[in-house]
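If you want the building blocks of each chain, they are given just below.
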Amino acid sequence: MDFSTFHLTIPLWEIILRGSVVYWFLFIIFRSILRRSMGSVGVSDFLFVVIIADASQNAMSGDAKSISDGLVLIIVLVFWNLLIDFLSFKYAWVRRMVEAQPLVLVKNGILQRKQMRKEFVTKDEIMAKLREEGIGNIAEVKQMQIEMDGEISVVRYDN
């Protein structure tokens, strides 16, 4: 049996460095660009993610050819993801850095156009979400916002 497919073909430090640099680069891009939840990601957003995944693969793996190279790279990516989750749970300042703050789209029945522009949310998208919530008129909305996880929440005025 040939075990050469399990030997590292590039130095361990290089795999860790490449994986870390690409992870943080992609984290910053996705944190600043893709805020919407996966349920509301459009075709262009999905295509962007697929292309980024393909483009970043070579940057992370270099000339990696063995299974061990790939496994080490996966471990590095999982490590950073778990570390960020743990630190976000433990420290509020880390959570504020890595999670997007809620963004108000409608306040007291009035569209917040500046906030809408930040996330490229159209009035039609807002009206569609209101219809999903059983609301026919924007004047019925006390507040509508994009939450930290990208989901949109709606609070009606009490009747």
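Residues numbered from 1 in each chain as written. Predicted model: local features only at pLDDT ≥ 70, side-chain atom pairs only at ≥ 80, totals over all residues. Heavy atoms only, no water.

A. Layout of helix α6 (residues 123–132). Among the residues of α6, those classed as buried are I126, M127, K129 and L130. For α6, the angular spread of the buried residues around the axis is 160°, confining them to a single face. Summarising the geometry of α6, the exposed residues directed more than 90 degrees from the buried face are D124, R131 and E132. In this fold, the buried residues of α6 make contact with β1 (103–107), β2 (110–111), α5 (113–119), β3 (141–146) and β4 (152–156). Residue G134 follows α6 closely and has a positive phi angle near 80°. (Buried < 20%, exposed > 50% of the residue type's maximum accessible area, 1.4 Å probe, protein only. Helix = DSSP H or I, 4+ residues; strand = E, 2+ residues; numbered from the N terminus. Arc of directions from axis to C-beta. Contact = heavy atoms within 4.5 Å.)

B. Up close: a nonpolar patch on the surface. Taken together, the side chains of M1, F3, F6, I67, L71, I74, V78 and L82 define a hydrophobic patch exposed on the protein surface, amounting to about 870 Å² of accessible area. Relative to the elements of secondary structure, F3 occurs in the segment before α1 (12–33). (Patch = residues over 30% accessible without salt bridge, like charges linked within 9 Å, V, L, I, M, F, W, Y side chains within 5 Å. Areas by Shrake-Rupley, 256 points an atom, 1.4 Å probe, with all protein chains shown as cover. Salt bridge = Lys/Arg side-chain N within 4 Å of Asp/Glu carboxyl O.)

C. Just the sheet that holds β2, in detail. With respect to topology, four strands assemble into an open sheet ordered β2-β1-β3-β4, the strand pairing being antiparallel. If you trace the sheet from one side to the other, it starts and ends with β2 and β4, each paired once. Contacting β1, β2, β3 and β4, α6 crosses the sheet at an angle of about 115° to β3. (Pairing = 2+ DSSP bridges. Axes fitted to C-alpha atoms, helices over the stretch in contact; angles between N-to-C directions.)

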